[in-house]
Amino acid sequence: MSAPLVSCIVPVFNGALHLGETIESILAQTYRPIEVLVVDDGSTDGSAEVAERYGDPVRVLRQANAGATEARNAAVRVARGDLIAFLDADDLWSPEKLEVQLEHLAAHPELDATFCQIENFFDDEVARAEEARWREHDRVVGSYVLPTLVVRREALERVPLDGRWRHGDHVDWTLRAREAGVRFDVLPRVLAHRRRHAGNMSRTAEHAVFDDYFDLIKAKLDRARRAGDG
């Protein structure tokens, strides 16, 4: 029986500076077969051209700017894999990430998805100035974010990403997936690496991020209320 194809999806908006390193961390995966889909979300800095330099290993899609979630959804619609994995355009995977997670899913066929842990690394002077505030064990910053996720296509089709959330799609998906009975767990192993730098969205769009999170909480409470009324 052949190994399942994993579709690795990277949305990018003006991320040319780091995109090449991100793509290379996917191409360096010890697991095969994979396909790489980079979705240029209306960039003006040549991000699509960076991805196109890799040729056949990478398919490049282009769209008018609609946000990272809609870029991911556009890639999911054309992806060929039975499993989907996401990576942000400035983050990295450890070389063994997909191999470890695919072995875990194969050993636990009852699971629809699995997350791993992600840690910070500090890339420029702005970020390194913050590093002293992070104790060593705090470099591991969580699990329930999209760059740590590998999910079976049927589960993602049953609970798709919601494009209205530009900043909190991972929170929204995890909440709705649990409510819908999607079965997932977390591997207690760091296999993804979040780049801290001056252009992080949490820095440049801080108020919009918090607004999304508050709206997500409200949406969750509204669903719980409707379920109770039913």
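Our structure is the block above this text.
The rules we used
- Residues numbered from 1 in each chain as written.
- Predicted model: local features only at pLDDT ≥ 70, side-chain atom pairs only at ≥ 80, totals over all residues.
- Heavy atoms only, no water.
- 1 Å grid on protein atoms, 1.4 Å probe; cavity = no way out; pocket = protein on both sides within 12 Å on 5 of 7 lines; lining within 4 Å.
- Points joined across faces, edges and corners; volume = space filled by probe spheres on them.
- Helix = DSSP H or I, 4+ residues; strand = E, 2+ residues; numbered from the N terminus.
- Nonpolar A, V, L, I, M, F, W, Y, C, P; charged D, E, K, R; others polar.
- Salt bridge = Lys/Arg side-chain N within 4 Å of Asp/Glu carboxyl O.
- Buried < 20%, exposed > 50% of the residue type's maximum accessible area, 1.4 Å probe, protein only.
- Contact = heavy atoms within 4.5 Å.
- Polar contact = N/O pair within 3.5 Å; in protein donor to acceptor, adjacent residues only side chain to side chain.
- Phe/Tyr/Trp six-rings, centres within 6.5 Å; stacked < 30°, edge-to-face > 60°.
- Lys NZ or Arg CZ within 6 Å of the ring centre and 35° of its normal.

Examining the layout of surface pockets
Working step 1: Approximately 240 Å³ is the volume attributed to the second largest pocket.
Working step 2: Around the second largest pocket, the lining residues are Ala3, Pro4, Tyr31, Asp82, Leu83, Glu99, Leu102, Glu103, Leu105, Ala106, Arg152 and Glu154.
Working step 3: Broken down by element, the lining of the second largest pocket gets its largest block of residues, 5 residues, from helix α4 (residues 97-107).
Working step 4: Its residues assigned to classes, the lining of the second largest pocket comprises 7 nonpolar, no polar and 5 charged.

Some words on the pattern of salt bridges
Any two side chains of opposite charge can pair, on the condition that their charged atoms come close.
Working step 1: The final tally for this structure, using the stated rule, is 13 salt bridges.
Working step 2: Between glutamate 35 and arginine 59 there is a salt bridge; the shortest N-O distance is 3.0 Å. Residue glutamate 35 is located in strand β2 (residues 34-41), and its partner arginine 59 is located in strand β3 (residues 58-63); the two are separated by 24 residues in the primary sequence.
Working step 3: The exposure class of glutamate 35 is buried, given its relative accessible area of 5%.
Working step 4: Put simply, arginine 158 and aspartate 112 hold a salt bridge, and the shortest N to O gap is 3.9 Å. Of this pair, arginine 158 sits in helix α6 (residues 153-158) while aspartate 112 sits in the loop between α4 and β6 (113-122); the two residues are 46 residues apart in sequence, bridging distant segments of the chain.

Topic: the side chain of glutamine 101
Working step 1: For glutamine 101, the position within the fold is in helix α4.
Working step 2: Contacts of glutamine 101, omitting those with residues within four sequence positions, involve Thr114, Phe115, Cys116, Thr148, Val150, Leu187 and Leu191.

Some points on helix α7 (residues 169-179)
Working step 1: Regarding α7, the residues found buried are Asp169, His170, Asp172, Trp173, Thr174, Arg176 and Ala177.
Working step 2: Two residues or fewer past α7, glycine 181 is found with a positive phi of approximately 85 degrees.

Notes on the side chain of histidine 193
Working step 1: In this fold, histidine 193 is placed in strand β9 (residues 184-196).
Working step 2: Under the relative-accessibility criterion, histidine 193 is labelled buried at 16%.
Working step 3: A polar contact of 2.7 Å, which involves the side chain of histidine 193, links it to the side chain of serine 94.
Working step 4: Polar contacts involving the side chain of histidine 193 include one to the side chain of glutamate 119, which spans 3.2 Å.
Working step 5: Apart from the residues within four sequence positions on either side, histidine 193 is in contact with Asp91, Leu92, Trp93, Ser94, Ile118, Glu119 and Phe121.

Things to note about the packing of aromatic side chains
Working step 1: Counted under the stated rule, the structure contains 4 aromatic pairs.
Working step 2: Between phenylalanine 115 and phenylalanine 184 the ring centres are 5.5 Å apart and the planes differ by 75 degrees, which places this aromatic pair in the edge-to-face class. Pair noted here: phenylalanine 115 is in strand β6 and phenylalanine 184 is in strand β9, with a separation of 69 residues, a long-range link. Of the two residues, phenylalanine 115 and phenylalanine 184, both sit in the buried class.
Working step 3: Judged by centre distance (6.4 Å) and plane angle (35 degrees), the ring pair of tryptophan 173 and phenylalanine 184 falls under tilted. Of this pair, tryptophan 173 sits in helix α7 while phenylalanine 184 sits in strand β9, and the two are 11 residues apart along the sequence. Here the two residues tryptophan 173 and phenylalanine 184 agree in accessibility, since each one is buried.
Working step 4: These aromatic residues form a ring-pair network of at least three members: Phe115, Tyr144, Trp173 and Phe184.
Working step 5: Lying over the aromatic face of tryptophan 93, lysine 97 brings its terminal NZ or CZ to 4.6 Å of the ring centre.

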